[in-house]
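Observations on the model geometry
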Amino acid sequence: MQANDFSTGSVRRQIIAQAAPLTMAQLVQLLYNIVDRIYIGHLPEVGSIALTGLGITFPVIVLIAAFTSLFGQGGTPLFSIARGRRDEQEAEAILGNVFTLLAVFSAILFVVCYTLRRPLLFLFGASEASYLYADQYLQIYLLGTFFSMITTGLNGFINAQGFPKFGMMTTVLGAAINIALDPLFIFVFNMGVRGAALATVISQAVSALWVLRFLTGKRAILRLKRRHLRVQPARTRRIVSLGTSGFVMQGTNCLVQIVCNNQLQLHGGDLYVGIMTVLNSVREILSLPVGGLSSGAQPVMGYNYGAGRNDRVKESVRFTALLGFAYTLAAWILVMLLPRQLMGVFASDAATIDHGMEAMFIYFFGFVFMTFQFVGQNTFLALGRSKQAIFFSLLRKAFIVVPLTLLLPGMGLGVNGVFLAEPISNAVGGLAAFITMWFTVYRKL
């Protein structure tokens, strides 16, 4: 039952063994939406405005991800700690509790977002022109809310048991289907934006079935069982308490996206909302390896913390910080050297590419500081320190990015002020999270 014991062997090898397939899985997971953006951005004649419409839907997608994190990221560290203590009954109860919470809230979110989608989209920065495409995409995308939340929320429980390759297959299967169906639905069946959404929903459904089949099958060490599906209040409070950090992080991402879209619409129009859609896509891709590294270290840290192996926890922190810093420095250099090529992946419109290159130089300045946010945040999460994790989630986004996004454009910077808020928040928020973790957690282990 303890075949995947993280308390023995090389810490670095265990983290890499977890992180490599996790990173690949998360990269493939991005293809659900990234491929949609690539195809839509190259639609003849309407590609630019259709891409803007897709960007308007991001806050809804992030809101769904926020509730997924609330339960999925809240339950996974508790699951790892219980497993490290050999408390398999509690670990399975946490898994069942999380499944039920995800299922219930997927239904609630679908009803609310579908019913209120028109006022929500205009609140999120839509114009009359971009609303048409945003609504076409969102109507169909919301049908897959349950599949999306189950896939993302429960996949971490596969990885936490030491089966990262199976976790990777969750997203590989779905993304392969999405890549195959996107051009068929968008161009061959002439469904446009609706086709991209339908391909995404189908691929998410396949991924959800894969996760559920694994967690109820014989390969899993700890399984999803019917007797554990009842929501237990005390356990739910623990899950929500720890998951609140991920929820706040995603929730503030949603808030930031809304504020950015509105400010860009005010100071630059649909063109710059579309550019932000591209910049977000590039950032999501480039930040995945350091995010995957941190996520791969999380079950190793949690297990060893539960087993009382603090020396191995500290080694995990050092390793992820050094490797993450080296990667983000290389990614920053890549953006500075190839901005036109990166913009061209998502757009064919000359104005979008030319103005987007200027925005990219600003937006990605100091990208290396993202490492400190990831490492500090994930260390707090892995060790069950939810209050600190929540605070630093709020600090970077709600207390730095949002105010700067509102203030800088009005100080003569225009749209550049919106893009400048990101690097400032990375430096201030990232260093604050890491330094606090180092002195309050790392040095006391």
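Here, every reference points to the structure presented above.
In what follows, the accompanying structure is described. Predicted model, so just to flag it, every value in this text is computed and none were measured.

An α-helix turns once per 3.6 residues; consequently, residues spaced three or four apart project the same way. In a regular helix each residue adds 1.5 Å, so 15 residues correspond to 21 Å; helix H7 (residues 145–159) covers 22 Å between its end C-alpha atoms and thus fits that length. When you tally the buried positions in H7, you get 11 out of 15 residues, the bulk of the element. Considered for burial, the residues of H7 that qualify are Thr-145, Ser-148, Met-149, Ile-150, Thr-151, Gly-153, Leu-154, Asn-155, Phe-157, Ile-158 and Asn-159.

So, about the pattern of salt bridges. A full pass over the atoms with the stated rule returns 8 salt bridges. One salt bridge in this structure joins Arg-309 and Asp-311, with 3.3 Å as the shortest N-O distance. Judged by its relative accessible area of 44%, Asp-311 is partly exposed. For Arg-396, the salt bridge goes to Glu-422, with nearest N and O atoms at 3.7 Å. With Arg-396 in helix H16 (residues 386–407) and Glu-422 in helix H17 (residues 415–440), this pair connects stretches of sequence that are 26 residues apart. Overall, Arg-396 belongs to the buried group, its relative accessible area being 9%. Given a relative accessible area of 5%, Glu-422 falls into the buried group. Each member of the salt-bridge network shares a partner with another, and the members are Glu-90, Arg-235 and Arg-238.

Before going further, it helps to examine empty space enclosed by the protein. Empty space among the atoms becomes apparent when a probe as large as a water molecule is rolled across them. Under the criterion given, the structure shown has 2 cavities of 30 Å³ or more. Volume-wise, the second largest cavity comes out at about 50 Å³. If you go around the second largest cavity, the residues you meet are Gly-41, Gly-47, Ser-48, Leu-51, Thr-52, Asp-270, Leu-271, Gly-274, Ile-275, Ala-347 and Thr-352. Split into classes, the residues belonging to the lining of the second largest cavity amount to 4 nonpolar, 6 polar and 1 charged.

The next subject is helix H15 (residues 370–382). For H15, which comprises 13 residues, the first-to-last C-alpha distance of 18 Å matches the rise-based estimate of 18 Å (1.5 Å per residue) to within 8%. Here H15 lies mainly inside the structure; 12 of its 13 residues are buried. Residues of H15 that are buried include every one of Met-370, Thr-371, Phe-372, Gln-373, Val-375, Gly-376, Gln-377, Asn-378, Thr-379, Phe-380, Leu-381 and Ala-382, and no others. Each element contacted by the buried residues of H15 is listed here: helix H3 (58–84), helix H10 (233–267), helix H11 (270–306), helix H12 (310–337), H16 and H17. Phi turns positive, to about 75°, at Gly-384, one or two residues after H15.

One can find Gly-162 in the loop between H7 and helix H8 (164–188). Taking the relative accessible area as the measure of exposure, Gly-162 reaches 14% and is therefore buried.

Now for unusual backbone geometry. Of note, the phi angle at Arg-86 is positive, near 70°, even though the residue is not glycine. One non-glycine residue, Asn-190, lies in the positive phi region at around 55°. You can see Asn-190 is positioned in the loop between H8 and helix H9 (193–215). You can call Asn-190 exposed: its relative accessible area is 66%.

Before going further, it helps to examine the packing of aromatic side chains. Scanning the model with the defined rule gives 26 aromatic pairs in all. With centroids separated by 5.7 Å and ring planes inclined at 20°, the aromatic side chains of Tyr-137 and Tyr-141 adopt a geometry described as stacked. Taken together, the residues span about one helical turn, with Tyr-137 and Tyr-141 both in helix H6 (residues 128–141) at a distance of 4 residues. With 5.2 Å between their ring centres and 65° between their planes, Phe-372 and Phe-434 make a pair best called edge-to-face. One end of the pair, Phe-372, is in helix H15; the other, Phe-434, is in helix H17, with 62 residues separating them in the sequence. Classification of Phe-434 by relative accessible area gives buried; the value is 14%. Here the aromatic residues Phe-325, Phe-369, Phe-372, Phe-434, Trp-438 and Tyr-442 are joined through ring pairs into a cluster of three or more. Just above the ring of Tyr-114 sits the side chain of Arg-117; from NZ or CZ to the centre is 4.5 Å. Seen from the ring of Tyr-442, Lys-314 lies directly overhead, with NZ or CZ sitting 4.9 Å from the centre.

About the criteria used
Residues numbered from 1 in each chain as written. Predicted model: local features only at pLDDT ≥ 70, side-chain atom pairs only at ≥ 80, totals over all residues. Heavy atoms only, no water. Helix = DSSP H or I, 4+ residues; strand = E, 2+ residues; numbered from the N terminus. Expected span 1.5 Å × (residues − 1). Buried < 20%, exposed > 50% of the residue type's maximum accessible area, 1.4 Å probe, protein only. Salt bridge = Lys/Arg side-chain N within 4 Å of Asp/Glu carboxyl O. 1 Å grid on protein atoms, 1.4 Å probe; cavity = no way out; pocket = protein on both sides within 12 Å on 5 of 7 lines; lining within 4 Å. Points joined across faces, edges and corners; volume = space filled by probe spheres on them. Nonpolar A, V, L, I, M, F, W, Y, C, P; charged D, E, K, R; others polar. Contact = heavy atoms within 4.5 Å. Phe/Tyr/Trp six-rings, centres within 6.5 Å; stacked < 30°, edge-to-face > 60°. Lys NZ or Arg CZ within 6 Å of the ring centre and 35° of its normal.

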